[in-house]
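Below, each chain spelled out in residue letters.
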Amino acid sequence: MPGGPAAGGDGIGANVPKNHWAGILMTAFSAFGGILFGYDTGVISGVKEMKAWLRTFGFEKAGTPTGYAISSSNESLVVSILSAGTFFGALIGAPTADYIGRKWGIVLACLIFSVGIALQTAATALALFVVGRVFAGLGVGLVSVLVPMYQSECSPKWIRGAVVSAYQFAITIGILLAAIVNNSTQNREDASGYRTAIAIQFVWAAILAGGMMVLPESPRWLIKRGRDADASKSLSRLTGASQNDPAVELELDEIRANLEAERSLGESSYADCFKFTKNKIALRTLTGIFIQAWQQLTGINFIFYYGTTFFQNSGIKDPFLISIATSVVNVSMTIPGMWGVEHYGRRRLLLFGAIGMCICEYIIAIVGVTVSVNNMAGQKVLIAFVCIYIAFFASTWGPIAWVITGEIFPLQIRAKAMSLSVASNWLWNFGIGYATPYLVNDVPGAAGLGSKVFFIWGTTCLCCIIFTYFCVPETKGLSLEQIDLMYSHTTPVKAHQYRRQLLADERVQELVESPLEKVDEHREDNLSHDKV
């Protein structure tokens, strides 16, 4: 199909009142897909520290809290292999969505994910457990492309940023649920502890798949497939208006016009994503790829993949409980981020978040280096700044990186550029997950950095500040067409001036058109009165 699916679609509902909650609730439900990734991210952190799991997949080692251990290489493999699966799942997300649709693509992703969970639950050897992680990763990778795509194409335009941010919010809820389950099952002596924690993911997959089966398909995809009648029904459900409502017909006409414009651009390739053009396609593609990379390089997944181990090695008596605390901070601070993205803008919050994370991580590193693990006051300071650091991430870089990648790409390369950006996220996720044990563990063959690794994360956050300042423009309040104009006429550093001009011109146009619309309405009322 020309152009492929538009992951950062224009949304729907511009021609109906802003009080129709049906479409908001339906598209917000699809964000439940984030729980699949979030729960799996959090659960492996605790599972790999449980005695029964270490006894099954590791070896005996005196002096450890459980009496068992696992090698750094196997720990790296178990944690990071999920991200290898998600990398490939993200790359096949666009063609999957084009072939079977956004809705049924998400259902298929849940089935693949469930196969992976079944293999992990049944595994008694590390090889089968790792294969299960790969299948689960494929499912999560598909979901990570399909859910934002479905949300962007089906959610009302006026709340698109907040709805897409709900995907990140669902990820944080998944991490919190995993921390709670891990804490509840950690002391079981037999395999039921870690198997229960893993098998609960069947429930999340069943809820998402079951819900998506009854939700409407994307009207945009249905029209692309020539199913106009089905598209009308779908849009009617999403807007809460009748199929015969003129507003629904107007929306369908706009979708058809956008698709015709997309077809007129011709078939695009991945090479087109890196062309140096007037509207800066190469810059926009690289911005999407790198904003997802920098999101991972903030070090956030170090806390959620290896947080239990890190807190344990830092002398914290109950690391599982601390993991719950950090997860609560992650969930609660994502809500202000969802609100702030539509009130303070994308660029401003990204800069604010990167500065805050940079300061916190340098403080964590300094405290870790200078204070003994037996100094409880010092450890409390460390935990406090870890929580503040998570708060900065959850309210800024967590949700906003996904919003940016849904907005900055032009129509002709949108799907391919989106898949490249998401694949970048998973690739760096894999790299960090694999490298971390070799960086922090104090064993032969590892660097043994411990808390000094936060000097690295602090430096990457400094790079996030520089990247955001030079490469990320403010897109709040702009349509996708206006964003294209902005890239054509200015640079990200100076974009705020051009954006203000675009918004001012838009307000003038609305003021000019408004009296004309009232005249038309008055004329129609008079005609109706004359007929009576």
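Because the structure is predicted, anything quoted here is derived from the model rather than measured.

### Topic: the packing of helix α6 (residues 102-122) against helix α7 (residues 126-154)
Between α6 and α7, whose axes approach to 7 Å, the crossing angle comes to 160 degrees. By the angle between their axes, α6 is roughly antiparallel relative to α7. The hand of the α6/α7 crossing is left-handed. Here the residues of the contact of α6 with α7 sort into 20 nonpolar, 5 polar and 4 charged.

### A short note on empty space enclosed by the protein
Per the counting criterion, the structure on display carries 5 cavities of 30 Å³ or more. In terms of lining residues, the largest cavity is bounded by 17 residues, among which Phe37, Gln168, Ile171, Asn301 and Phe393 are the most central. Among the secondary structure elements, those contributing two or more residues to the lining of the largest cavity are α2 (33-47), α8 (160-185), α14 (281-297), α15 (300-313) and α20 (414-440). It is α8 that contributes the most residues to the lining of the largest cavity, 4 residues altogether. Partitioned by chemical class, the residues of the lining of the largest cavity number 8 nonpolar, 9 polar and no charged.

### What about the pattern of salt bridges?
All told, the structure shown has 11 salt bridges when counted by the stated rule. One salt bridge connects arginine 133 with aspartate 40, and the closest N-O pair in it is separated by 2.5 Å. Of this pair, arginine 133 sits in helix α7 while aspartate 40 sits in helix α2, and the two are 93 residues apart along the sequence. Accessibility expressed as a relative area gives 0% for aspartate 40, which makes it buried. With a closest N to O distance of 4.0 Å, lysine 224 and aspartate 98 form a salt bridge. In this pair, lysine 224 sits in helix α11 (residues 219-224) while aspartate 98 sits in helix α5 (residues 93-100), placing the two residues 126 residues apart along the sequence. Overall, lysine 224 belongs to the buried group, its relative accessible area being 9%. Residue aspartate 98 is classed as buried on the basis of its relative accessible area of 12%.

### Topic: the nonpolar core
Within the largest apolar cluster, 127 residues are counted, with the highest numbers of intra-cluster contacts made by Trp53, Trp397 and Phe454. The greatest single-element share of this core, amounting to 13 residues, is contributed by α7. Excluding anything up to four places from it in sequence, phenylalanine 454 contacts Phe302, Ile303, Phe310, Glu361, Ile364 and Ala365. Leu222, Ala231, Leu235 and Leu252 belong to the second largest nonpolar core, which has 10 residues in total.

### Thoughts on the confidence of the model for the protein
When pLDDT is averaged across the protein, the result is 82; 87% of the residues are at 70 or more. Low confidence marks residues 1-8, where pLDDT is under 50. Its contacts with residues over four positions away, or in another chain, come to 41 contacts.

### Brief notes about the packing of aromatic side chains
Where two aromatic rings form a pair, the distance of their centres and the angle of their planes describe that pair. The final tally for this structure, using the stated rule, is 15 aromatic pairs. Between tyrosine 434 and tyrosine 438 the ring centres are 5.8 Å apart and the planes differ by 45 degrees, which places this aromatic pair in the tilted class. Here tyrosine 434 and its partner tyrosine 438 are both found in helix α20, 4 residues apart, which amounts to about one turn of the helix. Ring centres 5.0 Å apart and planes at 90 degrees place the aromatic pair tyrosine 469 and phenylalanine 470 in the edge-to-face group.

### Focus on unusual backbone geometry
The backbone of lysine 280 shows a phi angle near 55 degrees, a positive value even though the residue is not glycine. Relative to the assigned elements, lysine 280 resides in the loop between α13 (246-264) and α14. When its relative accessible area of 22% is taken as the criterion, lysine 280 is described as partly exposed.

About the criteria used
- Residues numbered from 1 in each chain as written.
- Predicted model: local features only at pLDDT ≥ 70, side-chain atom pairs only at ≥ 80, totals over all residues.
- Heavy atoms only, no water.
- Axes fitted to C-alpha atoms, helices over the stretch in contact; angles between N-to-C directions.
- Helix = DSSP H or I, 4+ residues; strand = E, 2+ residues; numbered from the N terminus.
- Parallel < 35°, antiparallel > 145°, perpendicular 65-115°, else oblique.
- Left-handed = near helix turned anticlockwise from the far one by under 90°.
- Nonpolar A, V, L, I, M, F, W, Y, C, P; charged D, E, K, R; others polar.
- 1 Å grid on protein atoms, 1.4 Å probe; cavity = no way out; pocket = protein on both sides within 12 Å on 5 of 7 lines; lining within 4 Å.
- Points joined across faces, edges and corners; volume = space filled by probe spheres on them.
- Salt bridge = Lys/Arg side-chain N within 4 Å of Asp/Glu carboxyl O.
- Buried < 20%, exposed > 50% of the residue type's maximum accessible area, 1.4 Å probe, protein only.
- Core = buried A, V, L, I, M, F, W, Y, C linked by side-chain atoms within 4.5 Å.
- Contact = heavy atoms within 4.5 Å.
- pLDDT = per-residue confidence, 0-100.
- Phe/Tyr/Trp six-rings, centres within 6.5 Å; stacked < 30°, edge-to-face > 60°.

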